[in-house]
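What the coordinates show
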Amino acid sequence: MAKKFEFELLENEVMEKEVKGDYWHGGIGPFVQTQSPGIYYFTNQRVLFKPSGLFSGKDALFTLNYNEIQDAKNCMVGMFIPTGILVTMNTGIKYKLSVLGRKKWLEFIKSHKA
């Protein structure tokens, strides 16, 4: 049976990988950020995050098009946890992803961005 996704793939888009992780957002600094657990889906065109937590909120669902990424680099989450990837979009908006094996995922993102 095919896996069901709650989003539609774009034309010529192919699902490549997925991994459980967290999205860190909100607040005014690392001490008061919200940690939303979920799943990152990596396609040939973008990264999608679908929250799985009961209190993740609608703001935790997002997509990052590779061709709109300005920079991606390692970062810490929760002040001292070395699992973060900070993605900066061309608009200046920043997303803090957290995944185990971040080196692999950071390389994946960088290899797909324009």
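Preceding this section is the structure that the text describes.
We now examine unusual backbone geometry. The general pattern is negative phi for most residues beyond glycine and trans for most peptide bonds. Phi is positive for Asn12, which is not a glycine, with a value near 65°. Checked against the element boundaries, Asn12 lands in the segment before strand 1 (15-25). Since its relative accessible area comes to 64%, Asn12 is described here as exposed.

Here we take up the pattern of salt bridges. Charged atoms that come close allow side chains of opposite charge to pair. Taken as a whole and assessed by the stated rule, the structure comprises one salt bridge. A salt bridge links Glu13 to Arg46, with the nearest nitrogen and oxygen atoms 2.7 Å apart. On the criterion of sequence distance, the pair formed by Glu13 in the segment before strand 1 and Arg46 in strand 3 (residues 46-51) is long-range, its members being 33 residues apart. On the basis of relative accessible area, Glu13 is assigned to the buried category, the value being 7%. What makes Arg46 buried here is its relative accessible area of 8%.

Right, let's talk about the pairing of strand 3 for a bit. Taking burial as the measure, the six residues of strand 3 include five buried ones, the bulk of the element. Of the pairings in the sheet, the one linking strand 2 (residues 34-43) to strand 3 comprises five bridges and is antiparallel in character. Following the sheet pairing, Gly38 is matched in strand 3 by Pro51. Connecting the antiparallel pair strand 2 and strand 3 is a turn made up of two residues. Direction of pairing for strand 3 relative to strand 4 (residues 62-65): antiparallel, over a ladder of four bridges. Its bridge partner lying in strand 4, Leu48 is registered against Thr63.

The rules behind the values
- Residue positions are counted from 1 within each chain, in the order its sequence is given.
- Restriction of local features to residues with pLDDT of at least 70 applies here, the model being predicted, together with a cutoff of 80 or more for giving and counting side-chain atom pairs; totals for whole chains, interfaces and linings are based on all residues.
- Derived side-chain values reflect all non-hydrogen atoms in the structure, with water molecules and hydrogen atoms excluded from consideration.
- Counting from the N terminus, the helices are DSSP H or I runs at least four residues long and the strands are E runs at least two residues long.
- Buried, partly exposed and exposed residues are distinguished by accessible area as a fraction of the type maximum, computed with a 1.4 Å probe on protein chains only: under 20%, between the cut-offs, and over 50%, respectively.
- Here, a salt bridge means any side-chain nitrogen of Lys or Arg that lies within 4 Å of a carboxyl oxygen of Asp or Glu.
- We treat two strands as partners when DSSP finds at least two bridges between them.

Read these as spatial facts, not as claims about activity.
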